[in-house]
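Okay, here's what each chain looks like letter by letter:
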Amino acid sequence: GKVLLTINFDACAMMFAFIRDANTSQSVIDVFNMLEDALTLPVFKRLFPVILTDNGSEFSNPDALETSHRTGGRRTTIFYCKPYASWQKPNVENNHLNLRKIFPKGKSLDMVTQEKAAWAMSNLNSMCRASLNDMPSIKLFEEMYGGGILEKLGVRLVQAKDVKLVPELIFPIEKGI
């Protein structure tokens, strides 16, 4: 079934999530190509000069990930973490813990759209963080890269009082019979 590809920006603890129909190498390439198209190649290169990832099979085609599907030139450089070296991606682990509050393990993502994934990320990234001096990641990201990127990816600031990290944010409440 459907799966999420998460992209984390360590400098500001910002995370984006992209829904994919399957956990394949091609589905990750498709997300990278969509990002290049939506953001333009210069912006893509500015956001993703380097990508640090694990050795999952979905990242098994680094040439296609690193190469612009428009120009054939290099758009990024992929590096792989050492297995079991979570310290190489510390903010990813923290963000994934919060993401699991919205998308519990074992819950099917088949009814999740990209719009719903972006809404989940809007909430997750609008949470005030002690590590950022009680600032939400989304504000820091916007200061660093501009708000136009967020708009293109469907992510927006949610007021602190309205932030929810619960499954009901995405999944309708199932009523008993």
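Shown above is the structure to which this text applies.
Here goes a summary of the coordinates provided. (Residues numbered from 1 in each chain as written. Predicted model: local features only at pLDDT ≥ 70, side-chain atom pairs only at ≥ 80, totals over all residues. Heavy atoms only, no water.)

1. Topic: the overall build of the protein chain
Item 1. Helix and strand content of the protein chain: seven helices and six strands.
Item 2. Overall, the protein chain shows an N-to-C arrangement of helices and strands of β-β-α-α-β-α-β-α-α-β-β-α-α.
Item 3. Against the 2.2 N^0.38 benchmark of 16 Å for 177 residues, the protein chain shows a C-alpha radius of gyration of 16 Å, consistent with a compact globule.
Item 4. Each of the three principal axes of the protein chain carries a C-alpha extent, and together these read 55 × 40 × 30 Å.
Item 5. Across the 177 residues in the protein chain, those meeting the buried criterion constitute 44%.
Item 6. Restricting the contact set of the protein chain to residue pairs at least 6 apart, pairs at least 24 apart contribute 67%.
Item 7. For the protein chain, the accessible surface area stands at approximately 9800 Å², while carbon and sulfur atoms represent 55% of it.
Item 8. Across the protein chain, 21 positive and 19 negative side-chain charges occur, with their mean positions spaced 3 Å apart. (Helix = DSSP H or I, 4+ residues; strand = E, 2+ residues; numbered from the N terminus. Rg over C-alpha atoms; globule rule 2.2 N^0.38 Å. Buried < 20%, exposed > 50% of the residue type's maximum accessible area, 1.4 Å probe, protein only. Contact = heavy atoms within 4.5 Å. Areas by Shrake-Rupley, 256 points an atom, 1.4 Å probe, with all protein chains shown as cover. Lys, Arg positive; Asp, Glu negative; His and termini not counted. Charge placed at Lys NZ, Arg CZ, Asp CG, Glu CD.)

2. Considering the environment of Leu165
Item 1. Positionally, Leu165 belongs in the segment after helix 7 (147-152).
Item 2. Among the residues examined, Leu165 registers a relative accessible area of 15% and is labelled buried.
Item 3. Distance from Leu165 to Lys101, taken between C-alpha atoms, is 5.6 Å for residues 64 residues apart in sequence.
Item 4. Leaving out residues up to four positions away in the same chain, Leu165 has contacts with Asn98, Lys101, Ile102, Asn123, Leu124 and Met127.

3. Brief notes about the environment of Tyr145
Item 1. Within the element layout of this structure, Tyr145 appears in helix 6 (residues 137-145).
Item 2. Sequence separation between Tyr145 and Leu47 is 98 residues, and the spatial gap between their C-alpha atoms is 8.0 Å.
Item 3. Not counting residues up to four positions away in its chain, the partners in contact with Tyr145 are Phe9, Arg46 and Leu47.

4. Thoughts on the nonpolar core
Item 1. In this structure, Phe9, Met14, Phe16, Leu35, Phe103 and Phe141 are the most contacted members of the largest nonpolar core, which totals 49 residues.
Item 2. Of all the elements in the fold, those that place two or more residues in this core are strand 1 (3-9), strand 2 (14-20), helix 1 (25-39), helix 2 (41-47), helix 4 (90-102), helix 5 (114-126), helix 6 and helix 7.
Item 3. If we ignore the near neighbours within four places in the chain, the residues touching Leu35 are Ile7, Phe18, Thr40, Phe44, Phe48 and Leu153. (Core = buried A, V, L, I, M, F, W, Y, C linked by side-chain atoms within 4.5 Å.)

5. Quick notes on the state of the cysteines
Item 1. Taken as a whole and assessed by the stated rule, the structure comprises zero disulfides.
Item 2. Left without a disulfide partner, Cys12 is nearest to the cysteine sulfur of Cys128, which lies 14 Å away.
Item 3. We classify Cys12 as buried; its relative accessible area is 1%.
Item 4. Of all cysteine sulfurs, the one in Cys12 lies closest to Cys81, which takes part in no disulfide; the gap is 18 Å. (Disulfide = S-S within 2.5 Å.)

6. A short note on a nonpolar patch on the surface
Item 1. Among the surface-exposed residues, Val50, Leu52 and Phe79 lie close enough to one another that they form a single nonpolar patch of about 270 Å² accessible area.
Item 2. Along the polypeptide, Phe79 turns up in strand 4 (residues 77-80).
Item 3. Given a relative accessible area of 44%, Phe79 falls into the partly exposed group. (Patch = residues over 30% accessible without salt bridge, like charges linked within 9 Å, V, L, I, M, F, W, Y side chains within 5 Å. Salt bridge = Lys/Arg side-chain N within 4 Å of Asp/Glu carboxyl O.)

7. Here we look at the pairing of strand 3 (residues 50-53)
Note on strand geometry: in a regular strand, side chains alternate between the two faces of the sheet.
Item 1. Of the two faces of strand 3, the one lined by Ile51 and Thr53 is fully buried and the one lined by Val50 and Leu52 carries no buried residue.
Item 2. One ladder, built from four bridges, connects strand 3 with strand 4; its direction is parallel. Looking at the pairing, Val50 lines up with Thr77 of strand 4. (Pairing = 2+ DSSP bridges.)

8. Observations regarding helix 1
Item 1. Spanning 15 residues, helix 1 covers 21 Å between terminal C-alpha atoms, matching the ideal 21 Å at 1.5 Å per step.
Item 2. Looking one or two residues beyond helix 1, the residue adopting positive phi is Thr40, at roughly 80°. (Expected span 1.5 Å × (residues − 1).)

9. As for the side chain of Glu36
Item 1. Topologically, Glu36 is positioned in helix 1.
Item 2. On the basis of relative accessible area, Glu36 is assigned to the buried category, the value being 3%.
Item 3. Side-chain polar atoms of Glu36 contact the side chain of Ser68, separated by 2.5 Å.
Item 4. Sequence-distant contacts of Glu36, defined by excluding residues within four places in its chain, comprise Leu41, Phe44, Ser68, His69, Arg70 and Arg75. (Polar contact = N/O pair within 3.5 Å; in protein donor to acceptor, adjacent residues only side chain to side chain.)

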